Every structure is written in C-alpha cells, then in structure tokens.
Amino acid sequence: MLLKNKKFLISGLANKYSIAAGIAHAMHREGAELAFTYQNERLLKNLGPIAESCGSDILIECDVSNDDSIQSSFNKLSKRWEKFDGFIHSIGYAPADQLEGNFVDVTNREGFKIAHDISSYSFTAMAREAKPMLNDNSALLTLTYLGSTQTLPNYNVMGLAKASLEANTRFLAASMGRDNVRVNAISAGPIKTLAASGVKNFRKMLSQHSKRAPLGRTITAEEVGNVAAFLCSDYASGITGEITYVDAGFNIAAMPLDDIEE
Ligand code: NAD
Ligand code: 0WE
C-alpha cells in the first residue's frame, strides 16, 4: 500500500477511458483517499460511478479557464479536507481547428493562448491554490506528451503548450521544493481517450507506436496509474522536477528494429 493515509485530488477524469481514471484506480488500490474535480456538470454522470468505486464522495466542479472557479473549488475542498498530500493535473485542451493541418498555417493567437492557458498555466494556478493546504512530503503530478520535444503531424500548438508544461513542472519543483512539495510529470504514450477520439488518423498513430516502441505495443492508463502512484508515494521522495516516460520505450528508439533485421 504505497499511499496509505494520504489524500489526493484528481482532476481531468472525463470518463472511464481517461488517463485520470487509470490513475484513480491505481491510487485507490494503493490506499489513498481521493477527491475529484470535473470541468462541468455534463461530465458528472461519468465521474459519479467511478468516484464511488474509488470510495470517494468528494466531487467538485472546477473549470480551469476561470480563476474564480479554481479558487472556489479549493475552498470547497478545504471544507472536507483541512490538509491533503497533492493533486493530479490531467487536463489539456486546444481548439479543434488548431490540431489539424500544417502548423504554420493553422496556428493562430487565440488558439495559442487557449492551449497554453488550459494546458500549462492551470497547473501553476492549481499549485498556488493548493499550497496552503499541502502536508509535508506532498506531490504534484501532471501529464505531458512527446510532442513537447519532437514534432509529429497535427499535434501543433499542443506541442508548444506541453513544452511550457514541462518547464512549468521544473519551475514549480524549484519553487516548492523547500516546502517539501515534489512536482513531476509523466510523459505518456498515445492512448485512445476522449481527447484522442477526435484526432485524425489516431489509429494509425497507435500502430506506428507499436511498431517502433521497444516493447512492441502501446501502453494503458493503468500502467500510467501505477507510475503515478509511485511518483506520489514516499518511495519517490528523491524525485522532483522530472519527466518520466511511460511509453513502452518509444522515445528512445529512432527506428524500429524489425525494419532492418530482414
Ligand atoms: P481526457 O479527454 O479523458 O481528459 C482531458 C481532460 O481535460 C477532461 O477531463 C476535460 O474535462 C479536461 N479539461 C479540458 N478543459 C478543461 C477546463 N477548462 N477545465 C477543467 N478541465 C478541463 O483525455 P486524456 O487523454 O486522459 O488527457 C489527460 C491528459 O493526458 C492531458 O493533459 C493530455 O494532454 C495528456 N496525455 C494524453 C495522451 C493520450 O494519448 N491520450 C498522451 C500523453 C498525455
Ligand atoms: O495531449 C493529447 C490530447 C490533446 C488534445 C486533444 C484534443 C482533441 C479535441 C487537446 N485538445 C483537443 N481539443 C479538441 O477539441 N494527446 C497527447 C493525445 C493526442 O492528441 C493528438 C495527438 C495525440 C497523441 C492530436 C494530434 C496528433 C497527435
């Protein structure tokens, strides 16, 4: 039981396919008490049963595009938990028109602003609101993607936003380290979630991933959840500001082995 006697807030659980759902199940299994935030009422019907299966009845609305919403959500949390041990930031968004087509042609100021606001700034904003309520040895965790450091078709301005999110992880780690708060990110391989479902040729991306990755397959939200549980546990007490890849090794392989073997 990695997380016994610890309390974590989980954001970004939209449905059972969400990476946040894999994280919630793993953290619950490891003994953590959980609370959840959701973007809007529409998502509550999906979240309700999953939260219940994780033994949680703390469900709080939080739209990270709105400062008042972030503030009031942590205020509501404080009525249930005086102190807690960290949160999972599993939120990313860019307008759909930014994620299809040639980067230089489709990227506009509004799309850039929204992508960075929702996908990166929100991590800083949540950390600031959480700070007065965090126990010693707390851990914050966010979800990033390889598009932060390498290009691929269509990921476009989200790649820039993830680069910002990773720098954010390092600056938060430096900023909160003396308060004994660790801040890390998991860079996950592609998973077919709601956020991926609208993406053109996503199935092709999954098969490309399996071809190139050393493990010869894609990864699951449960595998991300297991690493999340570790990074939030005291076993990871020496790790902060780090990007941990959970991608079946894809990022270390420049070419698939099979292509040159025969
Ligand atoms: P998902 O659609 O299940 O989760 C995305 C979440 O972001 C949703 O719960 C949505 O409600 C939330 N969100 C968006 N705008 C918000 C706002 N204004 N306020 C509050 N919440 C908001 O998809 P997912 O794939 O589980 O994504 C979770 C995280 O994982 C994202 O940061 C994503 O970039 C990252 N990620 C995903 C993959 C993948 O292939 N699916 C790979 C690497 C990283
Ligand atoms: O970070 C992500 C998802 C990002 C995302 C997806 C959407 C689709 C629906 C952000 N905003 C939106 N906005 C929408 O309107 N991933 C890592 C998954 C993902 O998304 C891609 C990918 C991969 C991988 C988009 C294009 C190319 C590859």
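Okay, so let's go over this structure. What you see as residue numbers is a count from 1 along each chain, following the sequence as written. Going through the entries in the order they are written, you letter the chains from A and number the ligands from 1. Reporting of local features is limited, given that this is a predicted model, to residues whose pLDDT is at least 70; pairs of side-chain atoms are given and counted only at 80 or more, and all residues count toward the totals for whole chains, interfaces and linings. Heavy atoms from the whole structure form the basis of all side-chain values; hydrogens and water molecules are not counted.

## Structural notes on the sheet that holds strand 7 (residues 243-246)
Here is step 1 of the chain: Two strands are said to pair when DSSP picks up at least two bridges between them. Working definition: helices are DSSP H or I runs of at least four residues, strands are E runs of at least two. Numbering for both runs from the N terminus. With respect to topology, seven strands assemble into an open sheet ordered 3-2-1-4-5-6-7, the strand pairing being parallel. Strand pairing shows two members of the sheet lacking a second neighbour, strand 3 (59-61) and strand 7, which therefore form its edges. Ignoring which end each strand starts from, the neighbouring axes of this sheet average 20° apart.
Here is step 2 of the chain: Note that strand 1 (residues 7-10) and strand 2 (residues 33-38) share four bridges and pair parallel. Axes here mean lines fitted to C-alpha atoms, for a helix over just the part in contact, with angles spanning 0 to 180 degrees between N-to-C directions.

## Observations regarding the site of ligand 1
Here is step 1 of the chain: Any residue with a heavy atom lying within 4 Å of a molecule or strand is counted as near it. Around ligand 1 sit 27 residues in total, of which S18, Q39, K162, I191 and T193 are the nearest.
Here is step 2 of the chain: Contacts described as polar in this section are N or O atom pairs within 3.5 Å, which, within protein, must combine one atom able to donate a hydrogen with one able to accept it, while residues neighboring in sequence count only if both atoms come from side chains. One nitrogen or oxygen atom from the main chain of A14 is found 3.5 Å from an oxygen atom belonging to ligand 1.
Here is step 3 of the chain: One nitrogen or oxygen atom from the side chain of S18 is found 2.6 Å from an oxygen atom belonging to ligand 1.
Here is step 4 of the chain: Isolated, ligand 1 exposes 820 Å² of accessible area, and the fraction of that covered by the protein chains is 92%.
Here is step 5 of the chain: Broken down by secondary-structure element, the contributors of at least two residues to the shell around ligand 1 are strand 5 (134-144) and helix 7 (194-197).
Here is step 6 of the chain: Amino acid classes used here: Ala, Val, Leu, Ile, Met, Phe, Trp, Tyr, Cys and Pro are nonpolar; Asp, Glu, Lys and Arg are charged; the rest, including Gly, are polar. Considered class by class, the residues forming the shell around ligand 1 number 16 nonpolar, nine polar and two charged. With residues, only the protein chains shown are counted as cover, and all accessible areas are computed by Shrake-Rupley using a 1.4 Å probe.

Such coordinate-based values are descriptive only and should not be taken to indicate function.
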